[in-house]
Amino acid sequence: MTAVNPHYLKLQGSYLFSTIAQKVSAYKTAHPDEEVISLGIGDVSQPLAPAVVEALQHACEEMGRAETFRGYGPEQGYAFLRQAIAQGDYISRGVSVSADEIFVSDGAKSDVANFQELFDQTICVALQDPVYPVYLDTNVMAGRTGAYHNGRYGGIVYLPCTEENHFVPQLPREHVDVIYLCSPNNPTGTALTKNDLQQWVDYAREHQSLILYDSAYEAYITQADIPHSIYEIPGARQVAVEFRSFSKTAGFTGTRCAYCVVPQEVSVTAPDGTSVALHQLWLRRQTTKFNGVPYIVQRGAEAVYSPQGRAQTQAIIRSYQQNARVISQALRRAGLEAYGAENAPYIWLKTPGGLDSWSFFDKLLTEARVVGTPGVGFGACGEGYFRLTAFNTPEKTKTAAARIAAMTF
Ligand code: PLP
């Protein structure tokens, strides 16, 4: 028999969403006439913007005509989209990123998952706890961790994000090589300010570390002192890679398009001590393992930057932002402590009376017929917290919020 990659066997079963589905299904079977509303979903509920659909349709027609048909495209993405991204997300905001530093992909999930393969097995990785699980699990698969014990993998530097530190990760005392930061954060809904991020950039420069910055929820930022890009921070171009996605910005969760920025200045060290440009490595990786995002999808993504596309996608984001406010107000009316919502489509609440995350899940399901996600599913520091999302429809969100507001804790 073929030997397995032993590191896969260290992975913890992903029971979180299947356990939730089982509990919800059992409840619905026992109460067939009750409407259960999910505020647990991480997927969008509103359709693509009309301008995007029109661009997709037009691109489909092009693919059906010999004169405009396209086969394999450039692995890094078509120039029209890379230029639209550079202009629309960076240059227009006064941030220096050029089109040739942008790599278009089929998802931020695959990008953040794949990026770690550019690094040596022995590097030290730091990540937030609670965390978007992909950062952690892909490093486990790659063999960069020890065994799992008491909610933690050996060899990982966990950066606790709790009420005590306002969910802002503190600089590690030790040296770390790669730091995953997610802002606005999934699951806590908290965003790092320019000052917070400057400290991380300074740390990375001092320690010659690399920051992998996931800003998949950048479009949800409302506060002026929250940076939309890590490249707004002086010095970041030398030490940071940024990941963005059209999933939650423009409803592309099923259409699939994202991108990452690898500035020309970022370098890593070769065994002989010389430096290697990270951009070149990622280009090599992508051209070897990836054949690009469909032309049709890239035309759809380009339309997000047209005046109509912008107006339409922003209206959708505003409605999710409104959902987030409705949920967080309801939680406060019910006497709960709620965080997030202001710059993110996530609301992170502290479970009352010392309830653990799963007990709170059961209480919310049975008393309000509302489903959310137990915080402990995102890491040991998520115990005692609970995540609600703003992605359901306004109507269902309002109904769910009213039910929660009427609960007693
Ligand atoms: N990064 C974070 C923090 C996310 O929460 C998600 C999706 O839930 C992703 C990345 C994945 O994005 P994509 O749909 O582009 O793969």
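Residues numbered from 1 in each chain as written. Predicted model: local features only at pLDDT ≥ 70, side-chain atom pairs only at ≥ 80, totals over all residues. Heavy atoms only, no water.

### Remarks on the sheet that holds strand 10 (residues 258-261)
Point 1. Taking strand neighbours across the sheet as the criterion, the seven strands line up as 2-10-9-8-7-3-6 in an open arrangement whose pairing is mixed. Among the strands making up the open sheet, the edge pair consists of strand 2 (102-105) and strand 6 (157-160). Taken over all neighbouring pairs, the strand axes of this sheet differ in orientation by 20° on average, direction set aside.
Point 2. Strand direction decides the pairing type here: strand 3 (residues 125-129) and strand 6, joined by four bridges, are parallel. From the neighbouring strand, Q128 faces strand 6, where its bridge partner is L159.
Point 3. Contacting strand 2, strand 7 (178-182), strand 8 (210-214), strand 9 (240-245) and strand 10, helix 4 (residues 108-115) runs over the sheet at an angle of about 155° to strand 9. (Pairing = 2+ DSSP bridges. Helix = DSSP H or I, 4+ residues; strand = E, 2+ residues; numbered from the N terminus. Axes fitted to C-alpha atoms, helices over the stretch in contact; angles between N-to-C directions. Contact = heavy atoms within 4.5 Å.)

### Some details on the domain arrangement of the chain
Point 1. Partitioning the chain into structural domains gives domain 1 (6-47 + 308-405) and domain 2 (53-306).
Point 2. Once you take the C-alpha centre of each, domain 1 and domain 2 turn out to be 25 Å apart.
Point 3. Counting the surface lost from both domain 1 and domain 2, the interface buries some 3,300 Å², and carbon and sulfur atoms represent 57% of this.
Point 4. For K350, the salt bridge goes to E163, with nearest N and O atoms at 3.8 Å.
Point 5. Taken together, the links from domain 1 to domain 2 amount to 21 residue pairs in polar contact (both at pLDDT 80 or more).
Point 6. At the level of secondary structure, the elements contributing two or more residues to the side of domain 1 that touches domain 2 comprise helix 10 (307-333), strand 13 (337-340), strand 14 (346-350) and strand 17 (385-389).
Point 7. In terms of residue count, helix 10 provides more of the side of domain 1 that touches domain 2 than any other element does, seven residues in total.
Point 8. Residues belonging to the side of domain 1 that touches domain 2 are distributed by class as follows: 16 nonpolar, eleven polar and seven charged. (Domains from an automatic or database assignment. Buried area = accessible area lost by both parts, 1.4 Å probe. Salt bridge = Lys/Arg side-chain N within 4 Å of Asp/Glu carboxyl O. Polar contact = N/O pair within 3.5 Å; in protein donor to acceptor, adjacent residues only side chain to side chain. Nonpolar A, V, L, I, M, F, W, Y, C, P; charged D, E, K, R; others polar.)

### Looking at the site of the ligand
Point 1. The immediate surroundings of the ligand are formed by 14 residues, with N186, D214, Y217, S245 and S247 found nearest.
Point 2. Between the ligand and D214 there is a distance of 2.6 Å, counted from a nitrogen atom to a side-chain nitrogen or oxygen.
Point 3. Residue Y217 places a side-chain N or O atom 2.6 Å away from an oxygen atom belonging to the ligand.
Point 4. Burial of the ligand by the protein amounts to 90% of the accessible area it has alone, namely 390 Å².
Point 5. Taken together, the residues of the shell around the ligand sort by class into six nonpolar, four polar and four charged. (Near = heavy atom within 4 Å. Areas by Shrake-Rupley, 256 points an atom, 1.4 Å probe, with all protein chains shown as cover.)

### Examining the pattern of salt bridges
Point 1. In the structure shown here, the tally under the stated rule is 16 salt bridges.
Point 2. Two residues, R369 and E34, come together in a salt bridge whose shortest N-O distance is 3.6 Å. Of this pair, R369 sits in the loop between helix 11 (357-368) and strand 15 (370-371) while E34 sits in the loop between helix 1 (16-30) and strand 1 (37-38), placing them 335 residues apart in sequence.
Point 3. R369 sits in the partly exposed class, given a relative accessible area of 24%.
Point 4. Accessibility expressed as a relative area gives 32% for E34, which makes it partly exposed. (Buried < 20%, exposed > 50% of the residue type's maximum accessible area, 1.4 Å probe, protein only.)

### Looking at the packing of helix 4 against helix 8 (residues 278-289)
Point 1. Orientation of helix 4 relative to helix 8, taken along the N-to-C sense of each, is 115°, at an axis distance of 12 Å. On the basis of the axis angle, helix 4 is roughly perpendicular to helix 8. Crossing of helix 4 against helix 8: the hand is right-handed. Across from D111, N114 and F115 in helix 4, the residues of helix 8 making contact are L278, W282, R285 and Q286.
Point 2. Looking at the contact of helix 4 with helix 8 residue by residue, the class counts come to three nonpolar, two polar and two charged. (Parallel < 35°, antiparallel > 145°, perpendicular 65-115°, else oblique. Left-handed = near helix turned anticlockwise from the far one by under 90°.)

### Considerations on the sheet that holds strand 16 (residues 373-374)
Point 1. Judged by pairing direction, the sheet is antiparallel, and its four strands sit side by side in the order 13-14-17-16 without closing on themselves. Edge strands, defined here as strands with exactly one partner in the open sheet, are strand 13 and strand 16.
Point 2. Bridge count between strand 16 and strand 17: two bridges; the pairing is antiparallel. From the neighbouring strand, T373 faces strand 17, where its bridge partner is R387.
Point 3. This element, helix 10, spans strand 13, strand 14 and strand 17 of the sheet and lies at about 10° to strand 14.

### Some words on the side chain of Q76
Point 1. Mapped onto the secondary structure, Q76 falls in the loop between helix 2 (50-63) and helix 3 (79-90).
Point 2. Not counting residues within four places of it along the chain, the set of residues in contact with Q76 comprises R82, I102, F103, V104 and L283.

### What about the environment of L364?
Point 1. Looking at where L364 falls in the secondary structure, it is placed in helix 11.
Point 2. Once the C-alpha coordinates of L364 and R403 are considered, the two residues, 39 residues apart in sequence, prove to be 9.3 Å apart.
Point 3. Excluding residues within four positions of it along the chain, L364 makes contact with R369, V370, F386, L388, I404 and M407.

### A look at the packing of aromatic side chains
Point 1. Counted according to the given criterion, the structure contains 26 aromatic pairs.
Point 2. Taken together, a centroid distance of 6.3 Å and an interplanar angle of 90° make the contact between Y220 and F391 edge-to-face. Of this pair, Y220 sits in the loop between strand 8 and strand 9 while F391 sits in the loop between strand 17 and helix 12 (394-405); the two residues are 171 residues apart in sequence, bridging distant segments of the chain.
Point 3. Judged by relative accessible area, which is 0%, F391 ranks as buried.
Point 4. Through pairs of rings, three or more aromatic residues link up here, namely Y90, F246, F252, Y259 and Y305.
Point 5. R152 extends its terminal NZ or CZ atom over the ring of Y158, reaching a point 4.2 Å from the ring centre.
Point 6. Over the aromatic face of F80 sits the side chain of R299, whose NZ or CZ is 3.6 Å from the ring centroid. (Phe/Tyr/Trp six-rings, centres within 6.5 Å; stacked < 30°, edge-to-face > 60°. Lys NZ or Arg CZ within 6 Å of the ring centre and 35° of its normal.)

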